[in-house]
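# Analysis of the macromolecular model
Chain residues, written in single-letter form:
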Amino acid sequence: MTSPTTLRPGVIGLGQIGGGVVQALHRSGFDPVVYDVFEQAVTALAGVSTPASSAAEVGELADVVLLAPAAASMDMFRDYAARGDAFAAAAQRVAGLGEPASDPGAPA
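As the structure is a computational prediction, the values presented were derived from the model and not from experiment.

Next up on the list: the overall build of the protein chain. Helix and strand content of the protein chain: four helices and four strands. Starting at the N terminus and walking to the C terminus, you meet the elements of the protein chain as β-α-β-α-β-α-β-α. With 108 residues in all, the protein chain has 22% of them scored as buried. Long-range contacts, defined here as pairs at least 24 residues apart, represent 44% of the contacts in the protein chain between residues at least 6 apart. Total accessible area computed for the protein chain in this model is approximately 7,200 Å², and 61% of it derives from carbon and sulfur atoms.

On to the sheet that holds strand 4 (residues 64–67). An order of 3-2-1-4 is seen for the four strands of this open sheet, with the pairing classed as parallel. Every interior strand has two partners, whereas the edge strands, strand 3 (50–51) and strand 4, have only one. Bridge analysis of strand 2 (residues 33–35) against strand 3 gives two bridges, and the strand direction is parallel. Considered in strand 3, the bridge of Val-34 is made with Pro-51.

Its place among the elements puts Asp-36 in the loop between strand 2 and helix 2 (39–43). Take Asp-36: its relative accessible area is 11%, and that puts it in the buried class. A distance of 2.6 Å separates a polar side-chain atom of Asp-36 from the backbone nitrogen of Leu-14. Within the structure, Asp-36 has its side chain in polar contact with the backbone nitrogen of Phe-38 (distance 2.8 Å). Beyond its immediate sequence surroundings of up to four residues, Asp-36 is in contact with Gly-13, Leu-14, Gly-15, Ala-41 and Val-42.

Quick notes on the rules
- Residues numbered from 1 in each chain as written.
- Predicted model: local features only at pLDDT ≥ 70, side-chain atom pairs only at ≥ 80, totals over all residues.
- Heavy atoms only, no water.
- Helix = DSSP H or I, 4+ residues; strand = E, 2+ residues; numbered from the N terminus.
- Buried < 20%, exposed > 50% of the residue type's maximum accessible area, 1.4 Å probe, protein only.
- Contact = heavy atoms within 4.5 Å.
- Areas by Shrake-Rupley, 256 points an atom, 1.4 Å probe, with all protein chains shown as cover.
- Pairing = 2+ DSSP bridges.
- Polar contact = N/O pair within 3.5 Å; in protein donor to acceptor, adjacent residues only side chain to side chain.

Have a look at this one:
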């Protein structure tokens, strides 16, 4: 069995839940790699994590990646559709596909 400290976890999206997860990982002997679109969320975890410059870099440096945005983002988007659109756009940018085409039937 592999020692927990030999695995390198990554956490993308720190928010209310992700920051606590990173601190718990650190207390358990892990050195998590972290990224968030809000730089201050990453800075707040200095000393208990290794910052990454992008979500893609977390994927390169970590053995396993936790996507913490699955927690709460209710105050960040007008509705679930807007949240989904933002996620899709971010995924396309990371994949090098540019910005998604806008949907003419989507609400403004």
